[in-house]
Amino acid sequence: MLKQRIITAVILIPLALLGVFALSPFFFSLFVGGIVLLAGWEWANLAGLTQPPARLAYVAGLVLALFGSQYLPLQMILVLAVLIWLAALMLVLTYPGSAIFWRHRSLKLIVGLMVLVPAWNCLVWLKEAENSSWLIVYLFALIWGADIGAYFFGKRFGKHKLAAKVSPGKSWEGVYGAIAVTTLVAIGAGVVQQKSFAQLMVMVLFAWLIVTVSVLGDLLESMFKRERGVKDSSNLLPGHGGVMDRIDSLTAAIPVFCISLLVTGL
């Protein structure tokens, strides 16, 4: 499994970086939109749509939602994202009891839209910002670093379950590993940019917040997979599962990252 994960990552990471650096904002939005639509296809299955026509209809609805959302102010989208992830936190903390509130298929489909649409909007906004490509790479580095830290620390030291009813394989030790690696990433980025000590500490604090929220994104998808009775959102990516399995952390982290930029300007 580890070998498959590494091989797939070696292929995917250069493709992601090529998309970030080589594409204009318009084509980048299409590139990310394609990834989001693949995730939407998988989410439709997690919600209980098993037939291809029904899943295609959901993807078509997602296309319309992405198109329409670009006419909304970013601040409104960010507020919506915060509310969504606060609600997600409550659902995860109270699972399986919370399932009574979202078990209906239509509600699961709506949750998918509310998770994917703000993430796409925020990432497109990032691409239009100053030093956009490096900002996006920094965001990716935080999340990838968190994944690596969580995986290896969890495998080596994991004893205390993070959310046993939602995802038995995740541990608090994995979270500590994720925080440790993202701290190093934030400090490294701050040193390269010659930030002051105070600015560096702000970057570290927001990195901790971003990685914490990214864990929530992972747990939310795990909750839906558990309810659906599947291990992965699909088998598209060997060693990693599906597209949604790869971007679940990002869907939660991207809006918080954008908020951190608006608040701090760093």
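Residues numbered from 1 in each chain as written. Predicted model: local features only at pLDDT ≥ 70, side-chain atom pairs only at ≥ 80, totals over all residues. Heavy atoms only, no water.

**Some remarks on a nonpolar patch on the surface**
A cluster of nonpolar side chains, V79, V82, L83 and L86, forms an exposed patch at the surface whose accessible area comes to about 360 Å². When you line up the elements, V82 lands in helix α4 (residues 74-93). (Patch = residues over 30% accessible without salt bridge, like charges linked within 9 Å, V, L, I, M, F, W, Y side chains within 5 Å. Areas by Shrake-Rupley, 256 points an atom, 1.4 Å probe, with all protein chains shown as cover. Salt bridge = Lys/Arg side-chain N within 4 Å of Asp/Glu carboxyl O. Helix = DSSP H or I, 4+ residues; strand = E, 2+ residues; numbered from the N terminus.)

**Concerning the UniProt feature "transmembrane region" (unreviewed entry) in the chain**
If you check UniProt for "transmembrane region" (unreviewed entry), the listed places come out as residues 12-41, 72-95, 107-126, 132-153, 174-192 and 198-220 in our numbering. Between the end C-alpha atoms of residues 132-153 there is a gap of 31 Å, over a span that is 100% helix and 0% strand. (UniProt positions renumbered as here; feature names shortened; annotations may be inferred.)

**Some details on the side chain of D245**
Here D245 is to be found in helix α10 (residues 243-264). A distance of 2.9 Å separates the side chain of D245 from the side chain of K225, its partner in a polar contact. In this structure D245 touches E221, K225, D232, S233, S234 and H240, once residues within four positions along its chain are discounted. (Polar contact = N/O pair within 3.5 Å; in protein donor to acceptor, adjacent residues only side chain to side chain. Contact = heavy atoms within 4.5 Å.)

**So, the confidence of the model for the chain**
Per-residue confidence for the chain averages 91 on the pLDDT scale, and 98% of its residues sit at or above 70. Ranking the elements of the chain by mean pLDDT puts helix α1 (residues 2-22) last, at 84, and helix α3 (residues 52-69) first, at 96. (pLDDT = per-residue confidence, 0-100.)

**Topic: the packing of aromatic side chains**
According to the stated counting rule, one finds eleven aromatic pairs in the structure shown. Seen in terms of ring centroids, W43 and F224 are 4.9 Å apart; in terms of plane orientation they differ by 45 degrees. Their pairing is tilted. Here F224 lies in helix α9 (residues 197-228) and W43 lies in helix α2 (residues 25-46), a separation of 181 residues in the sequence. Note on W43: relative accessible area 1%, which makes it buried. On the numbers, 5.2 Å between centres and 35 degrees between planes, the contact of F140 with W144 is tilted. Placement of the pair is F140 and W144 together in helix α7 (residues 132-157), with a separation of four residues, close to one helical turn. What makes W144 partly exposed here is its relative accessible area of 26%. By way of ring pairs, the aromatic residues W43, Y95, W102 and F224 are connected into one cluster. (Phe/Tyr/Trp six-rings, centres within 6.5 Å; stacked < 30°, edge-to-face > 60°. Buried < 20%, exposed > 50% of the residue type's maximum accessible area, 1.4 Å probe, protein only.)

**Looking at the pairing of strand β2 (residues 167-171)**
In this structure, strand β1 (residues 161-163) lies alongside β2, joined through two bridges in antiparallel fashion. From the neighbouring strand, A163 faces β2, where its bridge partner is S167. The turn linking β1 back onto β2 is made up of three residues. (Pairing = 2+ DSSP bridges.)

**Observations regarding unusual backbone geometry**
For the bond from Y95 to P96, the omega torsion is 10 degrees, close enough to zero to count as cis. Tracing the backbone shows P96 in the loop between α4 and α5 (99-102). In this model, N131 sits at a positive phi of 55 degrees, which is unusual for a non-glycine residue. With respect to the helices, strands and loops of the structure, N131 is situated in the loop between α6 (105-127) and α7. Phi at Q194 takes a positive value of approximately 60 degrees, unusual for a residue other than glycine. Structurally, Q194 can be placed in the loop between α8 (172-192) and α9. A relative accessible area of 71% places Q194 in the exposed class.

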